[in-house]
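Summary of structural features
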Amino acid sequence: MPTLKVPATLDNLKVVNAFIEENIPQECAFLRPHVELVAEELLVNVFMYAYEDNEQAEAEVGCRDVFFDDEEYFCFWVCDSGKPFNPFLEAPEPDLISDAENRPIGGLGIYLIKSLTKHFSYSYADKRNFIELYFSKVDNA
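The present account deals with the structure reproduced in this document. (Residues numbered from 1 in each chain as written. Predicted model: local features only at pLDDT ≥ 70, side-chain atom pairs only at ≥ 80, totals over all residues. Heavy atoms only, no water.)

**Considerations on the pattern of salt bridges**
The criterion, for reference: Salt bridge, as used here, is a side-chain nitrogen of Lys or Arg placed within 4 Å of a carboxyl oxygen of Asp or Glu. A run of H or I in DSSP counts as a helix once it spans at least four residues, and a run of E counts as a strand once it spans at least two, with each numbered from the N terminus. A simple rule labels every residue: compare its accessible area, found with a 1.4 Å probe on the protein chains alone, to the largest value its type can have, and call it buried under 20%, exposed over 50%, or partly exposed in between.
A complete count under the given rule lists six salt bridges for this structure. Between Glu 27 and Lys 137 there is a salt bridge, with its nearest N and O atoms 3.2 Å apart. Of this pair, Glu 27 sits in the loop between α1 (13-23) and α2 (32-49) while Lys 137 sits in the segment after β5 (128-136), and the two are 110 residues apart along the sequence. Glu 27 sits in the partly exposed class, given a relative accessible area of 48%. A salt bridge links Lys 137 to Asp 65; the shortest N-O distance between them is 3.0 Å. In this pair, Lys 137 sits in the segment after β5 while Asp 65 sits in strand β2 (residues 58-68), placing the two residues 72 residues apart along the sequence.

**Observations concerning the packing of α1 against α2**
The test is simple: Think of each axis as a best-fit line through the C-alpha atoms, taken over the contacting stretch in the case of a helix, with angles from 0 to 180 degrees between the N-to-C directions. In this scheme the crossing of two helices becomes right-handed for a clockwise turn of the near helix relative to the far one and left-handed for an anticlockwise turn of less than a right angle. Contacts between residues were defined by any pair of non-hydrogen atoms, one from each residue, lying within 4.5 Å. As a working rule, the residues Ala, Val, Leu, Ile, Met, Phe, Trp, Tyr, Cys and Pro are called nonpolar, Asp, Glu, Lys and Arg charged, and the rest polar, with Gly in that last group.
Two elements in contact, α1 and α2, have axes separated by 10 Å at closest approach and are oriented at 145°. Between α1 and α2 lies a crossing of right-handed hand. Here α1 contributes Leu 13, Val 16, Asn 17, Ile 20 and Glu 21 to the contact with α2, which in turn contributes Arg 32, Val 35, Glu 36, Ala 39, Glu 40, Leu 43, Val 44 and Phe 47. When the residues that make up the contact of α1 with α2 are grouped by side-chain class, the tally is eight nonpolar, one polar and four charged.

**Here we look at unusual backbone geometry**
Here Asp 69, not a glycine, exhibits a phi torsion of approximately 50°, which is positive. With respect to the secondary-structure elements, Asp 69 resides in the loop between β2 and β3 (71-80). Accessibility expressed as a relative area gives 58% for Asp 69, which makes it exposed. Backbone geometry at Lys 127 places phi at a positive 60°, although glycine is not the residue there. Looking at where Lys 127 falls in the secondary structure, it is placed in the loop between β4 (119-125) and β5. On the basis of relative accessible area, Lys 127 is assigned to the exposed category, the value being 65%.

Encoded structure:
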């Protein structure tokens, strides 16, 4: 299971995208734009909000193939030791009706993640947030 640790800075998004490109299975190449997009959504929030200003901050990402519910999935995960935060329960519900100028900030990234993944999970253990995102290996396009 390939993993990568990066300092929690926005310029490391390119490093994570290179990791995804290098480690996504060939048969899942069609998923790469989705995986990169959700990785960016999650990591921007981790890098910007999970840590206090003076903390030594980093994030770990990884990927693996998973089989459950009689289906194959590509799993991308993110782990950080920032403040506990379950984005699937604690992020605000996005306003999908108002125009962009009047829309409150928050929740749209998690909405996007939920719409691009088949399953998702959050856990907090050993003072670490752990998010797993599952993408169906079946190309329904």
